[in-house]
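Chain by chain, the residues:
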Amino acid sequence: MAAVQKLTVSIKKLKEARNAIILAHVYQRGEVQDIADYVGDSLDLSRKAVNTKANVIVLCGVQFMAETAASVRYMADFTGSTSQMSGYVKQSP
């Protein structure tokens, strides 16, 4: 268990140093969900990726989820708004 605690401390330090956010899909192991900033389904995690101010997004899931999050984040950064993506990603109330 000490190894998990040591790894957790290292991850938290890296998150802070790199202004990172960790998004984990609901099917990830408990240890991954415990260290994540947000846990949710694919759509929910994409919403979090769009709205974050983090410089680095770590998405713990399958590749298409990371690609989707990267795409919607890029569009938000490029347009300065997520309104043009309203058909794809709805903003959380």
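Because the structure is predicted, anything quoted here is derived from the model rather than measured.

The rules behind the values
- Residues numbered from 1 in each chain as written.
- Predicted model: local features only at pLDDT ≥ 70, side-chain atom pairs only at ≥ 80, totals over all residues.
- Heavy atoms only, no water.
- Helix = DSSP H or I, 4+ residues; strand = E, 2+ residues; numbered from the N terminus.
- Buried < 20%, exposed > 50% of the residue type's maximum accessible area, 1.4 Å probe, protein only.
- Contact = heavy atoms within 4.5 Å.
- Areas by Shrake-Rupley, 256 points an atom, 1.4 Å probe, with all protein chains shown as cover.
- Salt bridge = Lys/Arg side-chain N within 4 Å of Asp/Glu carboxyl O.
- Expected span 1.5 Å × (residues − 1).
- Pairing = 2+ DSSP bridges.

1. Overview of the overall build of the protein chain
Broken down by element type, the protein chain carries four helices and three strands. Ordered by position from N to C terminus, the α and β elements of the protein chain give α-β-α-β-α-β-α. Counting all 93 residues of the protein chain, 29% fall into the buried class. For the protein chain, long-range pairs separated by at least 24 residues make up 43% of all intrachain contacts whose partners lie at least 6 apart in sequence. Carbon and sulfur atoms make up 56% of the accessible area of the protein chain, which totals about 6300 Å².

2. Brief notes about the pattern of salt bridges
If you walk through the whole model with that rule in mind, you get two salt bridges. Residue Lys 15 is joined to Asp 37 by a salt bridge in which the shortest nitrogen-to-oxygen separation is 2.9 Å. Of this pair, Lys 15 sits in helix α1 (residues 2-18) while Asp 37 is found in the loop between α2 (30-35) and β2 (38-40), placing the two residues 22 residues apart along the sequence. On the accessibility criterion, Lys 15 (15% relative accessible area) is buried.

3. Quick word on α1
Between its first and last C-alpha atoms α1 spans 24 Å; for 17 residues at 1.5 Å apiece the expected length is 24 Å, and the two agree. Burial analysis of α1 places just one of its 17 residues in the buried class, which makes it a mostly uncovered element. Where α1 ends, the next residue or the one after it, Asn 19, has phi of about 50°, a positive value.

4. Here we look at the pairing of strand β1 (residues 20-25)
By the criterion of burial, β1 is predominantly enclosed, with six of the six residues buried. A two-sided burial pattern is seen for β1, the buried positions comprising Ala 20, Ile 22 and Ala 24 on one face and Ile 21, Leu 23 and His 25 on the other. Relative to strand β3 (residues 56-60), β1 runs parallel, the two being bridged by five bridges. Bridge assignment links Ile 22 to a residue of β3, and that residue is Val 58. As defined by bridge partners, β1 adjoins β2 across three bridges and the pair is classed as parallel.

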